[in-house]
Amino acid sequence: MRHLRATVFLLVIFALLLSLSVTVAQDDKTLRIVFVNDMRTSDPHIAYETETWPMASLFYVGLVRLSDPGTAVPALAESWTISDDGLVYTFKLREGLKFSNGRDLTADDVKYSFERLLNPATAAPTSFMFEPVVGAAEMLAGSATEVTGIKVIDPLTVEFTLVQPVWSMMQRFSLPPGFIVAKEGVEAAGTEFGRQPLGAGPFMIESWESGIRVTGTRNPYYYEAGQPYFDAFELQLGIESSVGILRIENGEADIALDFVPNSDYPRLVTDPALAPRLLPSAGFPNTSYIILNNNKEPFNNPLVRQALNMAVDRDRLVQIFNGRAVTIGGYLPPVAPGHNPDVVAPAYDPEGAKALLAEAGYPDGFTTTMLSNTFPNDVAIAQAVIADLAAIGVNVELTSVDNAQFLDVLNTKPETLDMVKTEWYMDYQDPSNNWEPLLQCGGSYNWAQYCNEALDAQFAETNLIPIGEARWQAFAAFEAAVAAEVPNLYLISAKDYYFTSERLSITSDPSVLLAFASATVK
């Protein structure tokens, strides 16, 4: 009997401990995030990936945010006015704003932040978004130390003057390039500012262990009363995507910064218990494509580009994406305003492609190279395209490198590349976002080194048309003109999903992908 009594006692103790552990778990107000790679930066003026923008939003916020892809709502600015000619934007800041260190945030900080973005020493990849501001071009060229088009009217009022109307400007103000940073944080951290953030966002940094984890605690001075709704976050780095999914299923993590991989999506979407936890991305329509170096033979030959375009079986790429993608033939995703529905993917025609190659002077094909990152979806698409090209005699050697190295090569040595598998996520849903950085002569992300001055002129004229049906019709005609040139191989536009834990309630944000500040954990 004593043994029985002891067993019952132990069972009671075990039950109490289990109850205590459940209570601790339920009271845990730390959001647990995972990501497949290391985190490059949280600096909003340097960030430019689908993981670094939500990362920046943990620590920073801008003048406005988006309630949907086209509608700006107040953030640090409580109100604003736009002049009738579309040239002057005047923002009125909220009273009592503070950075996470407790210092008051004023219009001077707004001016400082945008001048930092446009300072060539910052080397911001997104500076092109605010180049239309008067004086920005001079600052970027290094011939000015101030952006004259940004004026502090009083401590709570700042004014931006543009050289010409830019109808996507309010959308641009909502994005991380428009986030406000603290000057003392930038100066104290120097080159480490990306890992020592200081802003007015919902959280403040606690620790950053490269390749291991990043932790933060709630900012007591955040402008939204009561937000964030949890006390801290922990980002675990270097967690393989499928492992991250399992951790979320097991309650060990709440969300991943990388999208659900193709290998896991079919299982999740067909499970009645798990499918409701798939969170579709609310913004940033994407274009998956193959960059062709237009400055190199044989890709400088339009017939070669047309032949390669015909040789890709895009329907098979849609199958690789489990049917959650559509084929494309132009530089815009189908959901983007200004997309031309008549610009469709070319018919899969290997024999026709061979004939065009022969006409171009390559009857036996040729040998070339392709670069990709190591994300599973990108490697799968690259391999499928390479198999299609092999069928027409074009032999491609694939090199896949981690994303940091991939971006470094793209940004610093694009002239050395032949073909590159990549994708573009629209920063703001206006056709200009897929032309100015990617295809305009000298564009900051024009890795194809494509340049067509006639199309640049057509774009400049089209881009002056205010937002509305006339603008979208003009851009539809423009997309058709671009598609005829085949500057790159446009493949598919996919629907991306996050996967969340049972205890997490979060929405996808059209400015920064994930709305961490308003999320709740049970």
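Remember, it's a predicted structure, so these values are computed and weren't measured experimentally.

J.: Help me understand helix α3 (residues 107-118), please; the structure alone is not making it clear to me.
T.: For an α-helix, the turn length of 3.6 residues means that residues three or four places apart are oriented alike. Over its 12 residues, α3 extends 17 Å from the first C-alpha to the last, a length consistent with the 16 Å expected when each residue adds 1.5 Å. For α3, the tally of buried residues reaches 11 of 12 residues, placing the bulk of the element in the interior. Restricting attention to buried positions, one finds in α3 the residues Ala107, Asp109, Val110, Lys111, Tyr112, Ser113, Phe114, Glu115, Arg116, Leu117 and Leu118. Where α3 is buried, its residues touch β5 (88-93), α4 (136-141), β6 (150-154), β7 (157-161), α5 (169-173) and α6 (183-189).

J.: Would you explain the pairing of strand β8 (residues 203-209) in this entry?
T.: On a regular strand, one side chain projects to one face of the sheet and the next to the other, so that they alternate. Strand direction decides the pairing type here: β8 and strand β9 (residues 213-218), joined by 6 bridges, are antiparallel. Looking at the pairing, Trp208 lines up with Val214 of β9. Where β8 folds back onto β9 in an antiparallel hairpin, the turn is made up of 3 residues, including Gly211, whose phi is positive at roughly 75 degrees.

J.: Before we go on, may I ask you to explain the nonpolar core in this structure?
T.: Taken as a class, soluble globular proteins show a tendency for nonpolar side chains to be buried jointly. In this structure, Leu63, Phe91, Phe160, Phe173 and Leu235 are the most contacted members of the largest nonpolar core, which totals 112 residues. For this core, the element with the highest residue contribution is α3, accounting for 6 residues. Those residues in contact with Phe173 that sit more than four places away from it in its chain are Leu63, Val64, Tyr89, Phe91, Phe114, Phe130, Phe160 and Gly178.

J.: Can you help me understand the side chain of Asn446 in this one?
T.: Here Asn446 lies in the loop between α14 (432-435) and α15 (453-462). In terms of polar contacts, Asn446 uses its side chain to reach the backbone carbonyl oxygen of Tyr450, at 2.6 Å. Sequence-distant contacts of Asn446, that is, excluding residues within four places in its chain, are made with Pro437, Leu438, Leu439, Gln440 and Cys441.

J.: Just checking my understanding: could you explain the sheet that holds strand β10 (residues 232-237) for this structure?
T.: By way of backbone hydrogen bonds, the strands of a sheet pair with one another, either parallel or antiparallel. Across the sheet, 5 strands lie side by side as β8-β9-β10-β1-β11; this open sheet has mixed pairing. Two strands close off the open sheet at either side, each with one partner strand: β8 and β11 (255-256). For strand β1 (residues 30-35) and β10, the ladder comprises 6 bridges, and the chain directions are parallel. From the neighbouring strand, Val34 faces β10, where its bridge partner is Gln236.

What counts, and at which threshold
- Residues numbered from 1 in each chain as written.
- Predicted model: local features only at pLDDT ≥ 70, side-chain atom pairs only at ≥ 80, totals over all residues.
- Heavy atoms only, no water.
- Helix = DSSP H or I, 4+ residues; strand = E, 2+ residues; numbered from the N terminus.
- Expected span 1.5 Å × (residues − 1).
- Buried < 20%, exposed > 50% of the residue type's maximum accessible area, 1.4 Å probe, protein only.
- Contact = heavy atoms within 4.5 Å.
- Pairing = 2+ DSSP bridges.
- Core = buried A, V, L, I, M, F, W, Y, C linked by side-chain atoms within 4.5 Å.
- Polar contact = N/O pair within 3.5 Å; in protein donor to acceptor, adjacent residues only side chain to side chain.

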